[in-house]
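Residue strings, one per chain:
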Amino acid sequence: MFPLLLALLHSQAPADTLTLEGALVHARAARGTAAGVAALVDLARGESRALALVPNPLVQFEHDASSPTNKLTVTQPIDWIVQRGAARGVGRALVNRAVADSQQVLAELGREVRRAFHAALAADATELLAAEQVRLADSIRTFARRRLDAGDISQLDLEQVVQEGGRARVTYSRAREAARVARITLGRAVGWRERAPPVPTGGLDDGLDDPAIAVSPVSPSEHLPPIARAVADSAAAATQLQLAHRSRLPIPALIIGREWGPAWSTSAGSIVGFSLPLPLFNQGGERSALAAAAADRAIAATHEARLAAVARVAQAEERLREATWRARFARDSLAPAASRLREGTVRLFDAGQVGVLDVFEALRAEREVAQSTITELLAYQEARAEWLAAMGAWQ
């Protein structure tokens, strides 16, 4: 069965099936999550441009019928001159935050696709493993009938062999159900719109023999999306504090205009002046205090985000390292040994040197080891998907 297990781990499928790379490409093109990422960045860029807009002037017309006179004035605020630089800083921070968010969203989507893809591969491998167990049970039943005819075993031993074959068929039915459900889940993960779910193709041990993945040193930096997002929030809060301070300055608005009377009157003239905010009821201290508190809170959140991101990457790397070792050991040592044990036991049973219970025990041991190998390989792929997501990597 070990050669079969190797074939399961490196399945070669028809051209209309889905590879991991194809699944990632399809998910990025078809999932609404991926489409929303681009909209998120575009929204942040729009907000950035809006923050840096120059305010429009205020046009005012007055008519005094008693004089009669007319007055037209244009008022242009100029506080944006001292606030625009800080406003642009806030806009840049919003864009940086959106970029970090989009990177993490894509990384989490990639993890979802990888987990679904390899879960479907593992379910297919389990189904074929169960089918092979049915075939072996049928072969052992043939040997048992031959030995029953020769008088080497009893009818009860043959019935035990037949019952074991029935259990194998029930297990195969469950495995077939799980494989079909896993393919449907994979279709959901990649945004599959065809009626028939996709059939994954690839190896559960893909990347397992790459030593760089399991032992590469991880140095979390500001480029990790959670840290980059927190840093952007902190930068935005600090710039908002600058804006709050600058808004307390009594910056005037320029006023220009013209005043004129009726056509027979010679009284007409230009108007030049300014308007100045009068800090009578408040001086903007409350807004500055709120902005200062928000900036302090953002700094604290940045420290927490850095701790959490560093811990997540370190945990993911440790899990990946150990999962890699277990998967390699199960694939290269446990599975071949269990297959050799079963093959030797079946040969001895056919030769009449061991009993039917010994054959059952060998079959169960091989089935458990083969299933454990599939489980460990799936755990490796899930640990690898988590490590990539923690690093904010799509591929």
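Description of the structure in this document. Here the structure is a predicted model, which means the values were calculated and not measured. Every chain's residues receive numbers from 1 upward, in the order its sequence appears when written. Since the coordinates come from a predicted model, pLDDT governs what is reported: local features require at least 70, and pairs of side-chain atoms require 80 or more to be given and counted, while whole-chain, interface and lining totals use all residues. As a rule here, side-chain values cover all heavy atoms of the structure and leave hydrogens and water aside.

### What to know about the side chain of Asn-70
Secondary structure elements are defined from DSSP: runs of H or I of at least 4 residues count as helices, runs of E of at least 2 residues count as strands, and each element is numbered from the N terminus. Along the chain, the position of Asn-70 falls in strand β2 (residues 69–77). In protein, a polar contact means a hydrogen-donor-capable atom and an acceptor-capable atom, both N or O and within 3.5 Å, with residues adjacent in sequence counting only if both atoms are side-chain atoms; elsewhere, any N or O pair within 3.5 Å suffices. Side-chain polar atoms of Asn-70 contact the side chain of His-63, separated by 2.5 Å. Throughout, a contact is declared for two residues whenever any of their heavy atoms are within 4.5 Å. If we ignore the near neighbours within four places in the chain, the residues touching Asn-70 are Phe-61, Glu-62, His-63, Arg-258, Glu-259, Trp-260 and Gly-261.

### Side note on the nonpolar core
Take the buried Ala, Val, Leu, Ile, Met, Phe, Trp, Tyr and Cys residues and link them wherever side-chain atoms come within 4.5 Å; each set so joined is a nonpolar core. Relative accessibility under 20% of the residue-type maximum defines a buried residue, over 50% an exposed one, and the middle range a partly exposed one, all with a 1.4 Å probe and only protein chains included. One finds Ala-23, Val-113, Leu-186, Val-190, Leu-204, Ile-374 and Tyr-380 to be the most contacted residues of the largest nonpolar core, which totals 43 residues. Every element with two or more residues in this core is listed here: α2 (20–30), α3 (32–51), α4 (80–149), α5 (155–190), α8 (285–350) and α9 (356–390). Among the elements that take part in this core, α4 stands out by supplying 11 residues, more than any other. Residue contacts for Val-190: discarding those within four places in its chain leaves Leu-18, Ala-23, His-26, Ala-27, Ala-30, Arg-31 and Val-113.

### Quick word on the side chain of Arg-114
Mapped onto the elements, Arg-114 comes out in helix α4. We note that Arg-114 is buried and unpaired, the nearest opposite charge coming from Glu-108 at a distance of 9.6 Å. In this count, Lys and Arg are taken as positive residues and Asp and Glu as negative ones, while His and the chain termini are left out. A pairing counts as a salt bridge when a side-chain nitrogen of Lys or Arg comes within 4 Å of a carboxyl oxygen of Asp or Glu.

### A look at the pattern of salt bridges
Taken as a whole and judged by the stated rule, the model has 22 salt bridges. A salt bridge links Glu-108 to Arg-312; the shortest N-O distance between them is 3.2 Å. A residue pair is termed long-range when its members are at least 10 positions apart, and Glu-108 in helix α4 and Arg-312 in helix α8 qualify at 204 residues. In this structure Glu-108 comes out as partly exposed when scored by relative accessible area, which is 24%. By relative accessible area, which is 25% here, Arg-312 ends up partly exposed. Linking Asp-205 and Arg-331 is a salt bridge whose minimum nitrogen-to-oxygen distance equals 2.9 Å. Here Asp-205, found in the loop between α5 and α6 (211–215), pairs with Arg-331, found in helix α8; they are 126 residues apart in sequence, far enough to count as distant. You'll find Asp-205 and Arg-331 in the same group, each marked buried. One salt-bridge network, in which partners are shared between bridges, spans Arg-97, Asp-101, Arg-229 and Asp-233.

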